[in-house]
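The residues making up each chain are set out below.
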Amino acid sequence: LIAQAFLAIQSQKPSTIVLLSPNHFGRGGSRIITSKYDWQTPYGILPADNKTIDKLLERGALTVEENPFEKEHGVFNITAFIKKVFPDSKIIPIIIKNDLKTTGMSALAEDLKEVLPKNSLIILSADFTHETTSKIADQNDQKSLSVIEKLDFDKLNEITIDSRPAIGVLLKLMEKEFLFFQNRIL
């Protein structure tokens, strides 16, 4: 499924990819953490976009802590796909603790919108419903899809996912882009 998703977007040529992931183990001292390290993949080194990370640090959007990334599968399981499909891109990995409040989600989305290069790509690495029957998973996933399609941030708590804050940031970014394009059309 991951490979199919990447193949569906392979025609894009992003300079920077933001990889949003849950902080699965709650490691680190901050709610929003990034890494400035480059990532070794089977396809070569995937470099961090340290220039943009520095801009986010200046805005206070997040902190750099390297240790939480050592075992964070929400990031390292995706880096090889990124390097293979987008060999010239740089990465900004961001892990988010589940106790991030809605104001923090909105603030991070605003900071990302302000500093990311125009040709950036945002990827959410998260698990929707799992460890249940497929019937219940299908029902939960339909609710989640409805919230995402409507950009209904107020119904974020209805989504069955392992990181509501990470998808909350994504929804806020999508909403900002939608309003931007809607205003340009009008």
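What this report covers is the structure whose coordinates are included nearby. (Residues numbered from 1 in each chain as written. Predicted model: local features only at pLDDT ≥ 70, side-chain atom pairs only at ≥ 80, totals over all residues. Heavy atoms only, no water.)

## Things to note about the layout of surface pockets
- Counted as a void, the largest pocket has a volume near 1,300 Å³.
- Residue lining of the largest pocket: 33 residues in total, with L121, I122, I123, L124 and L170 positioned closest to the centre.
- At the level of secondary structure, the elements contributing two or more residues to the lining of the largest pocket comprise α1 (2-8), α3 (73-85), α4 (102-115), β7 (121-124) and α6 (164-185).
- It is α6 that provides the largest number of residues to the lining of the largest pocket, a total of six residues.
- Taken together, the residues of the lining of the largest pocket sort by class into 21 nonpolar, six polar and six charged. (1 Å grid on protein atoms, 1.4 Å probe; cavity = no way out; pocket = protein on both sides within 12 Å on 5 of 7 lines; lining within 4 Å. Points joined across faces, edges and corners; volume = space filled by probe spheres on them. Helix = DSSP H or I, 4+ residues; strand = E, 2+ residues; numbered from the N terminus. Nonpolar A, V, L, I, M, F, W, Y, C, P; charged D, E, K, R; others polar.)

## As for helix α2 (residues 50-59)
- Of all the positions in α2, only T52, I53 and L56 are classed as buried. Across the axial projection of α2, the buried residues extend over an arc of 105 degrees, all falling on one side. Opposite the buried face of α2, by more than 90 degrees, sit the exposed residues K51 and E58. (Buried < 20%, exposed > 50% of the residue type's maximum accessible area, 1.4 Å probe, protein only. Arc of directions from axis to C-beta.)

## Comments concerning the side chain of K172
- On the secondary structure map, K172 appears in helix α6.
- In terms of polar contacts, K172 uses its side chain to reach the side chain of E175, at 3.3 Å.
- Leave out the neighbours within four places in its chain, and K172 touches S106, A109 and F153. (Polar contact = N/O pair within 3.5 Å; in protein donor to acceptor, adjacent residues only side chain to side chain. Contact = heavy atoms within 4.5 Å.)

## Some words on the packing of aromatic side chains
- One pass over the full model with this rule turns up three aromatic pairs.
- Summarising the aromatic geometry, the rings of F6 and F81 are spaced 5.7 Å apart at their centres and angled 15 degrees between planes, so their arrangement reads as stacked. Here F6, found in helix α1, pairs with F81, found in helix α3; they are 75 residues apart in sequence, far enough to count as distant.
- Seen from their ring centres, F6 and F86 are 6.2 Å apart, and the 55 degrees between their planes marks the pair as tilted. (Phe/Tyr/Trp six-rings, centres within 6.5 Å; stacked < 30°, edge-to-face > 60°.)

## Thoughts on unusual backbone geometry
- Backbone geometry places E131, a non-glycine residue, at a positive phi of 60 degrees.
- Of note, E131 is situated in the loop between β7 and α5 (134-149).
- One non-glycine residue, L151, adopts positive backbone phi at about 50 degrees.
- Structurally, L151 is set in the loop between α5 and α6.

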